[in-house]
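Next come the chains, spelled out residue by residue.
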Amino acid sequence: MNSKQENPDQWKLPLYKIYSDDEDLNLITKIIKRGTKWAIGPEIEEFENEIKNYVGTDYCITLNSGTSALHALFLAYGIGKEDEVIIPSFSFISTANSVLFVDAIPKFSDIEEITFGLDPQLIEKNINSKTKAIVPMDYGGLSCKIFDIKKIASDNNIILIEDAAEALGSSIKGKKVGSVSDSSIFSFCGNKVLTTGEGGAAVTNSREIYEKLKLIRSHGRVDRTSYFDNPDEPTYEMLGFNWRMSTITATLGLSQIRKLDKLIQMRKENAKYISSQISKFSQISVPNVPDGHDHIYQMYTIRLENKKIRDNLHQYLTTKKIFSKLYFSPIHRTSFYQQKFKTDENSLPITNKISDQVLTLPMYPNMTREEKTYLVESISEFFENQSSY
Ligand SMILES: Cc1ncc(COP(=O)(O)O)c(C=O)c1O
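Residues numbered from 1 in each chain as written. Predicted model: local features only at pLDDT ≥ 70, side-chain atom pairs only at ≥ 80, totals over all residues. Heavy atoms only, no water.

*Asks:* Can you walk me through the packing of aromatic side chains in this structure?
*Replies:* Here the distance between the centres and the angle between the planes together describe a pair of aromatic rings. All told, the structure shown has 18 aromatic pairs when counted by the stated rule. When the ring of Trp11 is compared with that of Phe323, the centres are 4.7 Å apart and the planes differ by 50 degrees; the resulting orientation is tilted. Placement of the pair is Trp11 in the segment before α1 (22–34) and Phe323 in the loop between α10 (307–319) and α11 (335–341), with a sequence separation of 312 residues. Residue classification places Trp11 among the buried positions, given a relative accessible area of 14%. Residue classification places Phe323 among the partly exposed positions, given a relative accessible area of 23%. Site record: aromatic cluster; members linked through ring pairs are Phe90, Phe116, Tyr139, Tyr327 and Phe328. For Arg221, the ring lying beneath its charged end belongs to Tyr227, and the centroid distance is 3.8 Å. (Phe/Tyr/Trp six-rings, centres within 6.5 Å; stacked < 30°, edge-to-face > 60°. Helix = DSSP H or I, 4+ residues; strand = E, 2+ residues; numbered from the N terminus. Buried < 20%, exposed > 50% of the residue type's maximum accessible area, 1.4 Å probe, protein only. Lys NZ or Arg CZ within 6 Å of the ring centre and 35° of its normal.)

Structure follows, in structure tokens:
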């Protein structure tokens, strides 16, 4: 594996590019010029309303990151010491770290090969009397088998919290991702389809969870009116954090969510073109879109026949100044989790197999025809000269 550090400015094709326009600038400029309410401004609630209407849930609360949203949800559901939480190891490390933040125990369950999400058939084997929650993850903009997972959660009376960090805008059987589980989170980090640089949100239909999340987000404070508009001392009911999103961030989110469907459409068209050009190589599997699923291509991830070809292609693309990346190396294999839990490698065969075969390629809305052609031609070159790599 090539671990050589590259200067991102030298990449001909970065992994992602942010889409921004004058509308973003104009809206933010307005807030800056307003000179007030840069914290706890009305745009935060406006952004939350847009998200909940878009996803189709009763409540939404924004936070400063997707990780805070997950952490806050675990606190709101009272998940804590000795509780077990079933999660995939094939995810971003935040999914597992958030479980540890509340002193609970992450139980890694294997994934299936269609969506790369938790395998519903294996979840039940990991359920015991300590299991408090299941946290499936939607990989790269494609829903996991959430309806099957939901059935297992409700049959066993277990909380279902969906890590939909990568899948805002995607849907399954006509339902938006994030609207099926008890509660779900999204991330607005720089590489997401809707980005505000950093940021996150939790959505739910539970008023009780929503009210708790508001307290957790803001020092346990009961804000009947906005803190900076109220000259009286508020009450503080519980221990909480400052995990609020800034008004400027929420304003950017408002501007971005209004063009979300357009950005998704642009990604879909790019993905369609790239897939049509590279699917002829038998060693490549292009992204899967199972029946009833919608893929928003937060990531465009191909699967190679084996690790050797994957690693060689990864290296070759680096020489062509094309940024590709391995999403994900399993969490249980990171040194921290290995030391802490010593997970049996044999317990996660599909996770290990898939993480050895995947390669995420550049994908962003305004990819030019030249950029796509360069990507496709570079991949073709690799396969045509494969014996020399
Ligand atoms: C699957 C998954 N979960 C959680 C997160 C955490 O989101 P954030 O980076 O906003 O804290 C991410 C984001 O990168 C993610 O991809």
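The structure having been displayed, the exposition proceeds.
*Asks:* Honestly, the site of the ligand in this entry has me stumped. Any pointers?
*Replies:* Within the structure, the ligand sits among 15 residues, and Thr67, Asp163, Glu166, Ser187 and Lys192 are positioned closest to it. Between the ligand and Ser187 there is a distance of 2.7 Å, counted from an oxygen atom to a side-chain nitrogen or oxygen. Protein contact buries 92% of the 380 Å² of open area that the ligand shows by itself. Of all the secondary structure elements, the ones that give two or more residues to the shell around the ligand are α3 (66–76) and α4 (93–101). Split by residue class, the shell around the ligand holds four nonpolar, eight polar and three charged. (Near = heavy atom within 4 Å. Polar contact = N/O pair within 3.5 Å; in protein donor to acceptor, adjacent residues only side chain to side chain. Areas by Shrake-Rupley, 256 points an atom, 1.4 Å probe, with all protein chains shown as cover. Nonpolar A, V, L, I, M, F, W, Y, C, P; charged D, E, K, R; others polar.)

*Asks:* What's the story with the packing of α3 against helix α7 (residues 207–217) in this structure? I'm lost.
*Replies:* In a packed pair of helices, the relevant descriptors are the angle between the two axes and the axis-to-axis distance. With their axes 9 Å apart at the nearest point, α3 and α7 run at an angle of 120 degrees to one another. Regarding the angle of α3 to α7, the classification is oblique. The two elements α3 and α7 meet at a crossing, and its hand is right-handed. Residues Ala72, Leu73, Leu75 and Ala76 of α3 touch α7, and the partners they reach there are Ile209, Lys212, Leu213 and Ile216. In terms of residue class, the contact of α3 with α7 is built from seven nonpolar, no polar and one charged. (Axes fitted to C-alpha atoms, helices over the stretch in contact; angles between N-to-C directions. Parallel < 35°, antiparallel > 145°, perpendicular 65-115°, else oblique. Left-handed = near helix turned anticlockwise from the far one by under 90°. Contact = heavy atoms within 4.5 Å.)

*Asks:* Teacher, can you tell me more about the side chain of Gln283 here?
*Replies:* Within the secondary structure layout, Gln283 lies in the loop between α9 (260–278) and β12 (284–285). Aside from chain neighbours lying at most four places away, what touches Gln283 is Arg303, Leu304, Glu305, Ile309, Phe383 and Gln386.

*Asks:* What exactly am I supposed to notice about the sheet that holds strand β8 (residues 183–187) here?
*Replies:* Strand pairing within a sheet occurs via backbone hydrogen bonds; the two strands may be parallel or antiparallel. One open sheet accounts for seven strands, arranged β1-β9-β8-β5-β4-β2-β3; its pairing is mixed. Either end of the sheet is taken by a strand with one partner, and the two such strands are β1 (59–63) and β3 (105–109). Pairs of neighbouring strands in the sheet enclose a mean axial angle of 25 degrees, with direction left out of account. The strands touched by helix α6 (residues 146–155) within the sheet are β4 (131–134) and β5 (159–163), with β5 carrying the most contacts at an inclination of about 155 degrees. (Pairing = 2+ DSSP bridges.)

*Asks:* Would you mind showing me how to read the pairing of strand β14 (residues 358–361) here?
*Replies:* In summary, the side chains of a regular strand alternate between the two faces of the sheet. Residues Val358 and Thr360 of β14 are buried on one face, and the alternating residues Leu359 and Leu361, pointing to the opposite face, are buried as well. Relative to β14, strand β13 (residues 300–304) is paired through four bridges, and the arrangement is antiparallel. Across the sheet, Tyr300 pairs through a bridge with Leu361, a residue of β14.

*Asks:* How should I be thinking about helix α2 (residues 42–55) in this particular structure?
*Replies:* Helical geometry note: an α-helix holds 3.6 residues per turn, so side chains three or four residues apart project in the same direction. With 14 residues, α2 should cover 20 Å at 1.5 Å per step; its first-to-last C-alpha distance of 20 Å lies within 8% of that length. What α2 keeps buried is the set Glu43, Ile44, Phe47, Glu48, Ile51, Tyr54 and Val55. In a view along the axis of α2, the buried residues occupy a sector of 145 degrees, so they form one face of it. Among the exposed residues of α2, those oriented more than 90 degrees off its buried face are Glu45 and Asn53. Looking at the residues trailing α2, positive phi occurs at Gly56, about 90 degrees. (Expected span 1.5 Å × (residues − 1). Arc of directions from axis to C-beta.)

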